Amino acid sequence: MKADKSDILTCLRNSEDYVSGQQLCDRLGVSRTAVWKVINQLKEEGYQIESVPSRGYRLVESPADAYSESEIVSRLHTKWAGQRLVFFESTGSTNPDAKGFAEEGAPHGTTVVADRQTAGRGRRGRSWESPAGKSIYFTIVIRPSFAPDKASMITLVMALSVAEAIHEVTGLHTGIKWPNDIVVNGKKVVGILTEMSMTPEMNEIQFLVAGVGVNVNQEGAEAFPEELRKTATSLKMESGQSIDRAKLLARILERFEEDYDVFAQALTLSALKERYETRLVGRNAVVRVLDPAGEYTGISRGVTDTGELIVERETGETVLVYAGEVSVRGLYGYV
Ligand code: BTN
């Protein structure tokens, strides 16, 4: 039987000490030759693996910014998020890919990752610039057992998970621009596009896909299209360091799994709201609500348990702003 690269990399990564060839064979149920072949393959890909006769193998270092299915999977400690992971070097957009897999019955948590997208999609029909080797683009399939009116909260849950994972991995302070853009120093680093598929009777959710784009290692404003240069940035531009995409993606999936499970227990954001609000950009500050039915100004006071933005209008009236076609801006620019 063929040995699986992700399995071998996972065993090596999770072991503090050498792992003997025999241990790998026993754990994975494959022959010594199969193990040896995969170890050589990994070495050819740039993995530094020390082989010591009578002790076994030890992973010394991964190649810089290794980004592949096995690299991501070997870093994942989840029960369902990313447990089935499909990696493309290049694809049109991971959102339709994930929908396609979901339609074929892919389980909850199936994740599609791409190094590059040729037709990356943003919200409101915009495109999402998706060059190779720089960013994270992934979409996760969610199979909820709740009613469609709860679905919009998933995007807020994802925003919280991604914002905290970025903070943990890079040390950067991440803010959430309601409902789900993530900003660092006033500029956008993450966009989330959630789409829902309903049952033919249109009364239940068949599945949701949550697509996330993180600007990671772009080196300067020139990396972004002209019209985004004032409002977009990358984690590298803000931290001055190259960020390991596989490590960050694994951490995002781990956090999302935890947060989603908390949300799914209550079907409200009650247990996550406090964390979300500490990152909410413009809280207790004046915001302008760009409602197509009429723009207005007010003070943002936080979010409700179901994810609406609470805005105190100048008239004294408190209104709940529903995500969707409404945008909220600070008075001075994008945030
Ligand atoms: C936004 O406009 O802010 C949402 C951007 C969402 C981009 C991600 S990248 C992965 C997934 N695939 C896509 O084509 N879009 C989402």
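Above this text you will find the structure in question.
The structure displayed is predicted, hence computed values, not measured ones.

1. Things to note about the overall build of the protein
Here's step 1: Across its full length, the protein holds nine helices and 14 strands.
Here's step 2: Taking 335 residues into account, the globule formula puts the C-alpha radius of gyration at 20 Å, and the protein, at 22 Å, falls close to it.
Here's step 3: Seen through its C-alpha atoms, the protein measures out along the principal axes to roughly 80 × 45 × 35 Å.
Here's step 4: The burial tally for the protein puts 51% of its 335 residues in the buried class.
Here's step 5: Sequence separation of 24 or more characterises 62% of the internal contacts of the protein that already satisfy a separation of 6 or more.
Here's step 6: Carbon and sulfur atoms make up 47% of the accessible area of the protein, which amounts to about 15,500 Å² in all.
Here's step 7: Here the protein carries 39 positive and 46 negative side-chain charges, and the mean point of each set is 3 Å from the other.

2. A word on the sheet that holds strand β8 (residues 187-198)
Here's step 1: A sheet is described by the order of its strands in space; here seven strands give the open sequence β3-β4-β5-β9-β8-β7-β6, paired in mixed fashion. If you trace the sheet from one side to the other, it starts and ends with β3 (85-88) and β6 (175-177), each paired once. Here the strands of the sheet are splayed against their neighbours by 20 degrees on average, with no regard to which way each runs.
Here's step 2: With three bridges joining them, strand β7 (residues 181-184) and β8 adopt antiparallel strand pairing. In the sheet register, I182 faces β8, and the bridge partner there is V190.
Here's step 3: The sheet strands contacting helix α5 (residues 94-103) are β3, β4 (111-114), β5 (136-142), β8 and β9 (205-214), and the helix crosses β9 at an angle near 150 degrees.

3. Some words on the layout of surface pockets
Here's step 1: The computed volume of the largest pocket comes to approximately 840 Å³.
Here's step 2: Broken down by secondary-structure element, the contributors of at least two residues to the lining of the largest pocket are α5, β5, β8, β9 and β14 (327-330).
Here's step 3: With four residues, the top contributor of residues to the lining of the largest pocket is β8.
Here's step 4: A per-class count over the lining of the largest pocket returns 18 nonpolar, 15 polar and ten charged.
Here's step 5: Computed from the structure, the second largest pocket encloses a volume of approximately 460 Å³.

4. Side note on the site of the ligand
Here's step 1: In the vicinity of the ligand lie 20 residues, with S93, Q117, R121, R123 and K188 positioned nearest.
Here's step 2: For the ligand, an oxygen atom lies 2.6 Å from a polar atom in the backbone of R121.
Here's step 3: Between R123 and the ligand, the recorded distance is 2.7 Å, taken from a backbone N or O atom to an oxygen atom.
Here's step 4: Contact with the protein chains covers 99% of the free accessible surface of the ligand, which is 410 Å².

5. Here we look at the pairing of β8
Here's step 1: In textbook terms, the turn of a hairpin is the stretch between consecutive antiparallel strands, and for β7 and β8 this stretch comprises two residues, one of which, N185, has a positive phi near 50 degrees.
Here's step 2: With antiparallel pairing between neighbouring strands as the criterion, β8 and β9 make up a hairpin whose turn holds six residues, including M202 at a positive phi of roughly 65 degrees.

6. Details of the packing of aromatic side chains
Here's step 1: Following the criterion strictly, the structure yields six aromatic pairs and no others.
Here's step 2: Between F256 and Y260, the ring centres sit 5.8 Å apart and the planes meet at 45 degrees, which makes this aromatic pair tilted. Placement of the pair is F256 and Y260 together in helix α8 (residues 245-266), with a separation of four residues, close to one helical turn.
Here's step 3: The buried category is assigned to F256, whose relative accessible area is 1%.
Here's step 4: An aromatic cluster of three or more residues is present, and its members are W80, F146, F256, Y260 and F263.
Here's step 5: One residue, R58, lies across the ring of Y18, its end atom 5.6 Å from the ring centre.
Here's step 6: Taking the ring centre of Y67 as reference, the NZ or CZ of R245 above it sits at 3.9 Å.

7. A short note on the packing of helix α6 (residues 152-170) against α8
Here's step 1: Running from amino to carboxyl end, α6 crosses α8 at an angle of 140 degrees, the nearest separation of the two axes being 8 Å. Looking at the two axes, α6 sits oblique to α8. Considering only the axes of α6 and α8, their crossing is right-handed. On α8, the residues that touch M153, I154, V157, M158, L160, S161, V162, E164, A165, I166, E168 and V169 of α6 are K247, L248, R251, I252, R255, F256, D259, Y260 and F263.
Here's step 2: Split by residue class, the contact of α6 with α8 holds 14 nonpolar, one polar and six charged.

8. Brief notes about the side chain of R279
Here's step 1: Topologically, R279 is positioned in helix α9 (residues 273-279).
Here's step 2: Buried charged residue R279 carries no salt bridge. Nearest counter-charge: E164, at 4.2 Å.
Here's step 3: Those residues within four positions of R279 in sequence are excluded, and the remaining contacts are A163, E164, H167, H173, T174, G175 and I176.

9. Quick word on empty space enclosed by the protein
Here's step 1: In the structure shown here, the tally under the stated rule is one cavity of 30 Å³ or more.
Here's step 2: Roughly 80 Å³ of volume is contained in the largest cavity.
Here's step 3: Around the largest cavity, the lining is made up of eleven residues, and of these K177, W178, V281, V287 and V328 lie nearest the centre.
Here's step 4: With three residues, the single largest contributor to the lining of the largest cavity is β14.
Here's step 5: Taken together, the residues that form the lining of the largest cavity break down as seven nonpolar, two polar and two charged.

10. Re the environment of I142
Here's step 1: Checked against the element boundaries, I142 lands in strand β5.
Here's step 2: I142 sits 131 residues away from C11 along the chain, and the two C-alpha atoms are 28 Å apart.
Here's step 3: Setting aside its immediate chain neighbours within four residues, I142 contacts H108, I154, F207, L208, A210, F256 and Y260.

Criteria and thresholds
- Residues numbered from 1 in each chain as written.
- Predicted model: local features only at pLDDT ≥ 70, side-chain atom pairs only at ≥ 80, totals over all residues.
- Heavy atoms only, no water.
- Helix = DSSP H or I, 4+ residues; strand = E, 2+ residues; numbered from the N terminus.
- Rg over C-alpha atoms; globule rule 2.2 N^0.38 Å.
- Buried < 20%, exposed > 50% of the residue type's maximum accessible area, 1.4 Å probe, protein only.
- Contact = heavy atoms within 4.5 Å.
- Areas by Shrake-Rupley, 256 points an atom, 1.4 Å probe, with all protein chains shown as cover.
- Lys, Arg positive; Asp, Glu negative; His and termini not counted.
- Charge placed at Lys NZ, Arg CZ, Asp CG, Glu CD.
- Pairing = 2+ DSSP bridges.
- Axes fitted to C-alpha atoms, helices over the stretch in contact; angles between N-to-C directions.
- 1 Å grid on protein atoms, 1.4 Å probe; cavity = no way out; pocket = protein on both sides within 12 Å on 5 of 7 lines; lining within 4 Å.
- Points joined across faces, edges and corners; volume = space filled by probe spheres on them.
- Nonpolar A, V, L, I, M, F, W, Y, C, P; charged D, E, K, R; others polar.
- Near = heavy atom within 4 Å.
- Polar contact = N/O pair within 3.5 Å; in protein donor to acceptor, adjacent residues only side chain to side chain.
- Phe/Tyr/Trp six-rings, centres within 6.5 Å; stacked < 30°, edge-to-face > 60°.
- Lys NZ or Arg CZ within 6 Å of the ring centre and 35° of its normal.
- Parallel < 35°, antiparallel > 145°, perpendicular 65-115°, else oblique.
- Left-handed = near helix turned anticlockwise from the far one by under 90°.
- Salt bridge = Lys/Arg side-chain N within 4 Å of Asp/Glu carboxyl O.

Such coordinate-based values are descriptive only and should not be taken to indicate function.
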